[in-house]
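# Descriptive analysis of the structure
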There are 2 protein chains.
Amino acid sequence: MLTGHQTWQFEQKPVITSTGTVGGPFEANGQLAQDFDLLHDDLWLGQDSYEKAQKVLLEEAITRSLEKAQLQNGDIQFMFAGDLINQITPSSFAGRTLAIPYFGLFGACSTSMEGLALAAFIVNGGGAHHIVAAASSHNAATEKQFRYPTEYGGQKPPTAQWTVTAAGAAVVAKQGNGPQITSATIGKVIDMGLSDPFNMGGAMAPAAVDTIIAHFRDRGLPADYYDLVATGDLGRIGRSIALEMLELKGLPLKSDVFQDCGLMIYRDGQPVQAGASGAGCSAAVTYGHLLNRMKRGEIKRMLIVATGALLSPLSYQQQETIPCIAHAVSIEAGGEQG
Amino acid sequence: MLTGHQTWQFEQKPVITSTGTVGGPFEANGQLAQDFDLLHDDLWLGQDSYEKAQKVLLEEAITRSLEKAQLQNGDIQFMFAGDLINQITPSSFAGRTLAIPYFGLFGACSTSMEGLALAAFIVNGGGAHHIVAAASSHNAATEKQFRYPTEYGGQKPPTAQWTVTAAGAAVVAKQGNGPQITSATIGKVIDMGLSDPFNMGGAMAPAAVDTIIAHFRDRGLPADYYDLVATGDLGRIGRSIALEMLELKGLPLKSDVFQDCGLMIYRDGQPVQAGASGAGCSAAVTYGHLLNRMKRGEIKRMLIVATGALLSPLSYQQQETIPCIAHAVSIEAGGEQG
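Residues numbered from 1 in each chain as written. Chains lettered and ligands numbered in written order. Predicted model: local features only at pLDDT ≥ 70, side-chain atom pairs only at ≥ 80, totals over all residues. Heavy atoms only, no water.

Time to look at the layout of surface pockets. A probe as big as a water molecule, rolled over the atoms, marks out the empty space that is left. Volume-wise, the largest pocket comes out at about 460 Å³. Considering the residues around the largest pocket, the lining is formed by 21 residues, among which B:Gln145, B:Ser312, B:Pro313, B:Leu314 and B:Gln317 are closest to the centre. Among the secondary structure elements, those contributing two or more residues to the lining of the largest pocket are α5 (139-146) of chain A together with α5 (139-146) and α9 (313-317) of chain B. When residues in the lining of the largest pocket are grouped by element, the largest group, 4 residues, is from α9(B). (1 Å grid on protein atoms, 1.4 Å probe; cavity = no way out; pocket = protein on both sides within 12 Å on 5 of 7 lines; lining within 4 Å. Points joined across faces, edges and corners; volume = space filled by probe spheres on them. Helix = DSSP H or I, 4+ residues; strand = E, 2+ residues; numbered from the N terminus.)

Okay, here's the thing in structure tokens:
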């Protein structure tokens, strides 16, 4: 099952039997609106705080994923979830609502694939019939915690990214129809010495490259194996750095194959600077848009590389550089597509 | 491998081949000083912030555990770690230093057993040769984040607990000499409506009880199966609540069998109110003191029930109650003891 240094291959090919994706008003105006199960026109979701709104996003995404699979909460053995908020309270409070045995994760924006990798390993190994893996982020909850109070209206450089308001959840099962999870590569913490929190994509690019190279090396794959290699949220700057680094390191991925979830979710006109970010970005784009494309036969094999910047506002104030990480999970079209 | 609703049994019985435990000055004056590998007389550990000091605690605990097993960082496939600091920066920065593929966890003080359960599952399922699972806490880093600036000298009620300055790490391997990990039960988030952050033990007791009952139910064990059932950090108040609840729910554990790591680590004279807490508490006590007792033959079977309060300073300000969780891992004396 361990292949090479840091990769798992899943012989039982666990299946993503259903997913749930929920977004906010900015996402409703975006490029992928039709790929969400539910879109809110109110950033508060009727709650009295943005953190509670984020909790509701996550609860709704998980509940949708269960409904579609015709499962009750009690049918799910375990829930993996995490987010960027201090002490990941949106995830833990959703865990309270859902009453599913709960693993809290912290991987910043890499959380989606950290959870999916663990869920796939456990289902593959007979440790559960069904697991739900989810991640969420909320623009306003994140802005006020990591940057400025939103009322301050602080300006941002063009390298900055926009945190999505979204949650994505996937139900992983041993059997069923749907795309199969075939392998996962767990990343190391990589820090190339960048310290600008308004250029996360640049900081995260080397972590994405390290994990992608480890993945192809551990599995012994040719560079053209995947139809799509999608990073989580490198944005425009980070993506072009990563593409160049991959070529320099001997893994030339084609420009149309190497895409970024953070560059898919919004329209060109939306003021998101270098692109989208947030733990909910790769989760919602993968579990909505990309799996829909796979269902339509447009993608047969894809590698999702969720990227996370593991800084805190305090570590930045303490003049630390930004440690980054990326986890990769490969998803392939299931039996019904051949 | 899944047994009952939320429990794993590990047929391969993964082994804890070595551990590392590191503590601070307050722990050096405590009851279990002789069970630590390394004790510091400086709360700063020579660093310029308490968060960096906590990172060093964790790095030292992991490095000690590897040295004792005569392993290099490159021999370890994965590292599971987490802590209470915003965005778990001490763990992630330690991940950067150690360069081991890294899973960040957030389970508050339940992190130690969340990580050990996942490590055991993965080693049992052939997903790694060696995994290190670790948790840490630092009194001053935690106080300033969750409560008052330490300089303020805020008084505390007798129900409050003292966050330990300690880290504990365990190397889990498929084979070798040492205690065996036989099963794990993953807890649900339980919230009985308590909201006093100075009475965490009381808030966490129902979560501990829920997980312990699930564990005995899922495995079909008699109440006297374990020589020791040790909760993470319920303290004096929480322990007595839990003991009573267990009896009411039909699982009468003997008072000398049902112990709490938070009541073991300090001497009676130390001003710790209701006992110790912190993610490093159950990690350091289990991987030091309790495994030493097992090595001496004083304990043959034990269940460690790490308990976590999943609140944040913000969720408290937003008048939320305290969601809690507990994860249980059973450890039994290995082959050499019979």
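On to the relation of the copies chain B and chain A. Superposing chain B onto chain A requires a rotation of 180° together with a translation of 0.0 Å along the rotation axis, leaving an RMSD of 0.0 Å. Both copies of the chain, as the preceding transformation shows, are related through a two-fold rotation axis. Closest to the rotation axis within chain B is the C-alpha of B:Leu105, separated from it by 2.2 Å. The overlap is high: 100% of the interface residues of chain B also sit at the interface in chain A, so the same surface is used on both sides. (Least-squares fit on C-alpha atoms with pLDDT ≥ 70 in both. Contact = heavy atoms within 4.5 Å.)

Residues and elements named next belong to chain A. This structure, assessed with the given rule, holds 0 disulfides over all chains. The closest cysteine sulfur to the non-disulfide-bonded cysteine 109 is located on cysteine 281, 7.7 Å from its own sulfur. The exposure class assigned to cysteine 109 is buried, which follows from its relative accessible area of 8%. Its sulfur unpaired, cysteine 281 is 5.6 Å from the next cysteine sulfur, which belongs to cysteine 261. (Disulfide = S-S within 2.5 Å. Buried < 20%, exposed > 50% of the residue type's maximum accessible area, 1.4 Å probe, protein only.)

Quick look at the side chain of B:Glu332 now. Considering the arrangement of structural elements, one finds B:Glu332 in strand β15 (residues 324-332). The residues touching B:Glu332, leaving out its near neighbours within four places in the chain, are B:Pro179, B:Gln180, B:Thr182, B:Arg219, B:Tyr225, B:Met294, B:Lys300 and B:Arg301.

Compared with an ideal rise of 1.5 Å per residue, which puts 14 residues at 20 Å, helix α4 (residues 111-124) of chain A spans 20 Å between its outermost C-alpha atoms and is within 8% of the ideal. In terms of residue burial, α4(A) counts as a mostly covered element, since 14 of its 14 residues are buried. (Expected span 1.5 Å × (residues − 1).)

It is worth spelling out the pairing of strand β6 (residues 102-105) of chain B at this point. All names here are of chain B. Of the two faces of β6, both are covered, the one formed by Tyr102 and Gly104 as well as the one formed by Phe103 and Leu105. Looking at chain direction, strand β5 (residues 78-82) and β6 are connected through 4 bridges and run parallel. Considered in β6, the bridge of alanine 81 is made with glycine 104. At this point the chain moves from β5, through helix α3 (residues 89-98), to the parallel β6, and the crossover so formed is right-handed. (Pairing = 2+ DSSP bridges. Right-handed = clockwise from strand over helix to strand, strands pointing away.)

Across the contact, 58 residues belong to chain B and 58 residues belong to chain A. Around 4,600 Å² of area is buried between chain B and chain A when both sides are counted, 65% of it from carbon and sulfur atoms. Of all residues in chain B, the largest losses of buried area upon contact with chain A belong to B:Gln87, B:Arg96 and B:Phe106, amounting jointly to 15% of the total for that side. Linking chain B with chain A are 4 salt bridges. Ionic pairing is found between B:Arg96 and A:Asp191, a salt bridge with its closest N-O pair at 2.4 Å. Inspection of the chain B/chain A interface yields 24 residue pairs in polar contact (both at pLDDT 80 or more). Listing elements by their share of the side of chain B that touches chain A, those giving two or more residues are α2 (50-68), β5, α3, β6, α4 (111-124), α5, α9 and β15 of chain B. When residues of the side of chain B that touches chain A are assigned to their parent elements, the largest contribution, 5 residues, is made by α3(B). (Buried area = accessible area lost by both parts, 1.4 Å probe. Salt bridge = Lys/Arg side-chain N within 4 Å of Asp/Glu carboxyl O. Polar contact = N/O pair within 3.5 Å; in protein donor to acceptor, adjacent residues only side chain to side chain.)

Moving on, we come to the packing of aromatic side chains. Enumeration according to the criterion identifies 24 aromatic pairs over all chains in this entry. Taking 4.5 Å as the distance between ring centres and 5° as the angle between the ring planes, the aromatic pair formed by A:Phe80 and A:Phe103 counts as stacked. Separated by 23 residues along the polypeptide, A:Phe80 in strand β5 (residues 78-82) and A:Phe103 in strand β6 (residues 102-105) bring together distant segments of the chain. For A:Phe103, a relative accessible area of 0% puts it in the buried group. Look at A:Phe121 and B:Phe121: their rings are 6.1 Å apart centre to centre, the planes differ by 75°, and that puts the pair in the edge-to-face class. Residue A:Phe121 is located in helix α4, and its partner B:Phe121 is located in helix α4; the two belong to separate chains. Comparing A:Phe121 with B:Phe121, the two get one shared label, buried. One aromatic cluster is present, formed by A:Trp8, A:Phe10, A:Phe78, A:Phe80, A:Phe103, A:Phe121, B:Trp8, B:Phe10, B:Phe78, B:Phe80, B:Phe103 and B:Phe121 through successive ring pairs. (Phe/Tyr/Trp six-rings, centres within 6.5 Å; stacked < 30°, edge-to-face > 60°.)

As a further point, take the packing of α4(B) against helix α8 (residues 279-295) of chain B. Residues and elements named next belong to chain B. At a closest axis distance of 7 Å, the pairing of α4 and α8 adopts a crossing angle of 60°. One finds that α4 runs oblique with respect to α8. Along the contact surface, α4 presents Ser112, Met113 and Leu116, while α8 presents Ser282, Ala283, Thr286 and Tyr287. Classifying every residue of the contact of α4 with α8 by side-chain character gives 4 nonpolar, 3 polar and no charged. (Axes fitted to C-alpha atoms, helices over the stretch in contact; angles between N-to-C directions. Parallel < 35°, antiparallel > 145°, perpendicular 65-115°, else oblique. Nonpolar A, V, L, I, M, F, W, Y, C, P; charged D, E, K, R; others polar.)

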